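An overview of the molecular structure
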Amino acid sequence: MKSIAPPTEARFTRISVPLITSLIVALCFLLYWQAGQLRHHQQWVSHSYQVRLEVEELDRSMREAESIQRAILLAGSESAVLQDSFAALITSVHGHHANLRSLVSDNTKQAELVDALAPPLFSRLETLDRNSRDLRSLSDDERTTRILAGVANTDRIETMLEEIRKSESALLNTRADAAHAAGSRLLVLATGGSALGVAVMIIAMFQEKRNRRLREQYQDRLAEARDNALDSVKATSIFVASVSHEIRTPMNGVLGAAHLLGQDTRLDRRQLELVDTIRYSGEALLDLVNDILDLSKLQAGKMEFIREDFSLDEVLDESLTIFADTAGRKRIELAQRIDPGLPRRFRGDPHRVRQVLVNLIGNAVKFTDKGGVSIEVTSREHDDPGKTVLLFRVTDTGPGISDEEKPHLFQPFSQVNIRLNRRDSGTGLGLAISREIVERLGGAMGVDSTPGKGSTFWFTARLDSAEEAPDRCERLCNGGTLLLVESRDLTAASVEQHVRAWGMKVITATDTAMLADIPSIPDLAVVVVGQPRGDTWQGAAEKISRRTDAAGKPVFLLNHGHEEPPPGDLVQAGIRACLRFPFRPSDLYNLLATDREEPAAVTAAPGSESLPAARVLLVEDNPINQRIFCRQLETLGIRMEICGDGGDGVAARKAGGFDLILMDCQLPTMDGFEATRLIREWEKETQSPKIPIIAITAHVMIGDAEACYQAGMDDYLPKPFDLAKLKAKLGRWLAAKESGTPVITKPDDASAVLDETQLTGCLTGDPALDQG
């Protein structure tokens, strides 16, 4: 017989289930509410840590600003790097104060403390900025008074910051205690909530652990921020101080010697080509140095770019010239191709385009041991009228790049193939800089590569259209035919493309056997012999000499420059001239144009007028630069005397007999700035005529030109410079001295000179650019 539960038991069951359910729901709600309270208190703890971090960052920035201001005073001159760092720190202090004010806006007491901090803080910043400009000009008493006032203001700021720290620490302790209490209550509730309570307890423990980890992370972050700031300031100071001056000073000798050699009429074509290679390579090196010095500006988007009309052919030709000898020694082809439908003149920054090309071509040549490197320029479609998007493709037959290595290619100081880089050297910085430059040119950069099958690096550049120059290449050699004997595909294609662009026709034979199959060419104008398949150039030349259509026609040999045959062998084979391999279009054009045209009458080049007779005092301590200056001034017909220190320069000026002074700024005992000040004071005291002083310096950072003018110098000529720039500066001041016409230096001249220095690096030697 089935037992029946008593009614009381049934009622208990009916009551207990909803009750237990209600209790469980209430417990869950209570646990959820308590967890929210814990999370709320933890957010306030995190908020207090953020306030503490902003206070420390504000204090650190203020102290660094004072340190840099003292460094400016100790240096005795305005340093562009220090001034930039000082300005950045001032901005940082303002930013940290604004962030701090925003964080404490919910706390009336803290907000009042932060608001009270603003007047003395900003007053101190203004005092630091004013001290960096005029503290050295004050008297000792005035300087002491100002410094003591600054110290007192700094002490007041530190006292107020400490009060903010203490107040926030008290808040932090209170909030931490509240968070701890909330966590404890949550643990109690979790313990009494059976399985749900256990789960909540685990969550509370996790939250407590997270709170400790968060505190440790804030402490580690604060220490790391301080260490990084100190390391950054130290590294930047060392880098800018050493690289900017120490590289430009010896490169002034290299480029100066190259320009002087280029003026020597006794050099033959081959020697002049080597001089041009030295000059192009030196200019490319200094362009790269400028970008390394300004890498932070480039990455911050503050790098300025020039805009001028330029020839695409010249940019490509100059880029290839740098690597012609290297490619020739490795016996690899180096060729270029430009889409025939493209215009050849654009408006933009040719130096940045050339820098990217030099980097990509240099990498391709470095890692290619056989085959060749080709540069192709085409255009991409776009919707912007008046602009052209050029697509540059640099293709090599090197080892290629795997998919795993590609993501690291454009990272600074990253080398994807350690073995190859150890063999060929490299910093891994060029591609990162190149990509930044390309992005500033409105383009993009990438790579297509398959391991073992070579690589193609490409980039685009958005350039404005420029007015086309008259087509000097139209129907060269009266539109005749060029017979090419060449088995190297890239070289043959490059020759054909350029010769056809000059209005000529091309017939190509890959080997000497094909020459017999080519019928007589009625309009044959010139023959170019390269590397025939299965034969030597002598064999090809002999077979060409038997052709009746080649009688009396010029024959050019395309061979490696370092393997040029003896002149007797060339004459015997009927070779009129040699072209250097890898093929450069400008070499062939010059030979064809010279062969078809009568020698032009010699006319005086613009700016070739002689300088007035003068005696110049050179104050320069570097022996190499002394020799270069001597040769340059001798070339210009200027008599000179050399002093190796600023003190000797002052004594020589007092002795008299000079028309102009070229003054270096960094000298061993007395620098050029101090020497100039003493000369100007002596001239004022003795009522002596003011002699022009031109600064010649490797300091080209922001503010260096202004420092020269403030010291009393009349003009500014940054190193390295060529003979034309030196002559222009001397001519300006010597002509004015001879005629008695004063040269007025406008206040904005310094910025103009500085802008041109920053934009061009004073390295181009192009008169049109330098005067533009």
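For the structure itself, consult the block above.
Criteria and cut-off values
Residues numbered from 1 in each chain as written. Predicted model: local features only at pLDDT ≥ 70, side-chain atom pairs only at ≥ 80, totals over all residues. Heavy atoms only, no water. Helix = DSSP H or I, 4+ residues; strand = E, 2+ residues; numbered from the N terminus. Buried < 20%, exposed > 50% of the residue type's maximum accessible area, 1.4 Å probe, protein only. Contact = heavy atoms within 4.5 Å. Pairing = 2+ DSSP bridges. Axes fitted to C-alpha atoms, helices over the stretch in contact; angles between N-to-C directions. Parallel < 35°, antiparallel > 145°, perpendicular 65-115°, else oblique. Nonpolar A, V, L, I, M, F, W, Y, C, P; charged D, E, K, R; others polar. Core = buried A, V, L, I, M, F, W, Y, C linked by side-chain atoms within 4.5 Å. Salt bridge = Lys/Arg side-chain N within 4 Å of Asp/Glu carboxyl O. Left-handed = near helix turned anticlockwise from the far one by under 90°.

What about the overall build of the chain?
- Looking only at helices and strands, one finds 23 helices and 17 strands in the chain.
- Counting every position in the chain, which comprises 772 residues, the buried fraction comes to 48%.
- Restricting to contacts in the chain with at least 6 residues of sequence separation, those with at least 24 account for 73%.

Considering the sheet that holds strand E17 (residues 715–718)
- In space, the five strands of this open sheet follow the order E14-E13-E15-E16-E17, with parallel pairing throughout. Where the open sheet ends on each side, the last strands, each with one partner, are strand E14 (639–643) and E17. Averaged over all pairs of adjacent strands, the angle between strand axes in this sheet comes to 20°, irrespective of strand direction.
- When strand E16 (residues 693–697) meets E17, the two strands line up parallel, connected through four bridges. Residue pairing in the sheet places Ile696 in a bridge with Leu717 of E17.
- Packing against the sheet, helix H17 (residues 623–635) makes contact with strand E13 (615–619), E14, strand E15 (660–664) and E16, and its axis sits at approximately 170° to E14.

So, the packing of helix H19 (residues 672–686) against helix H20 (residues 704–711)
- Two elements in contact, H19 and H20, have axes separated by 8 Å at closest approach and are oriented at 25°. Relative to H20, H19 is oriented roughly parallel. Counted together, Phe673, Thr676 and Arg677 of H19 and Ala707, Cys708 and Ala711 of H20 form the full contact between these two elements.
- A class-by-class count of the residues in the contact of H19 with H20 yields four nonpolar, one polar and one charged.

As for the nonpolar core
- Judged by nonpolar contacts, the single largest core of 42 residues is most densely connected at Leu334, Leu357, Ile361, Ile375 and Phe392.
- Ranked by the residues each element gives to this core, the list is headed by helix H9 (residues 350–367), at eight residues.
- Dropping the residues within four chain positions of it, Ile361 is found in contact with Ser319, Leu320, Phe323, Leu334, Ile375 and Val394.
- Of all hydrophobic cores here, the second largest spans 26 residues; its members include Ala65, Leu89, Met160 and Leu161.

Observations concerning the pattern of salt bridges
- Scanning all chains against the criterion turns up 29 salt bridges.
- With its nearest N and O atoms 2.7 Å apart, the salt bridge here joins Asp313 to Arg344. Of the two residues, Asp313 sits in helix H8 (residues 312–330) while Arg344 sits in the loop between strand E2 (333–338) and strand E3 (345–348), which places them 31 residues apart along the sequence.
- Taking the relative accessible area as the measure of exposure, Asp313 reaches 24% and is therefore partly exposed.
- Put simply, Arg680 and Glu683 hold a salt bridge, and the shortest N to O gap is 2.9 Å. Taken together, the residues span about one helical turn, with Arg680 and Glu683 both in helix H19 at a distance of three residues. We note that Arg680, like Glu683, is buried.

Brief notes about the packing of helix H18 (residues 646–655) against H19
- Closest axis-to-axis distance for the H18/H19 pair is 9 Å, and the angle between their directions is 20°. What the angle tells us is that H18 and H19 run roughly parallel. The two elements H18 and H19 cross, and the hand of that crossing is right-handed. When H18 is examined against H19, the residues Gly646, Gly649, Val650, Arg653 and Lys654 are found in contact with a partner set consisting of Ala675, Leu678, Ile679, Trp682 and Glu683.
- Residue classes in the contact of H18 with H19 are distributed as five nonpolar, two polar and three charged.

Regarding unusual backbone geometry
- Omega for the bond connecting Phe581 with Pro582 falls within 30 degrees of zero, at 5°, which places this linkage in the cis form.
- By secondary structure assignment, the location of Pro582 is in the loop between strand E12 (577–581) and helix H16 (585–596).
- Positive phi, close to 55°, is recorded for Arg331, a residue that is not glycine.
- One non-glycine residue with positive phi stands out, namely Asn478, at about 55°.
- Secondary-structure assignment places Asn478 in the loop between strand E7 (455–465) and strand E8 (481–485).
- Of the residues examined, Asn478 reaches a relative accessible area of 70% and is grouped as exposed.

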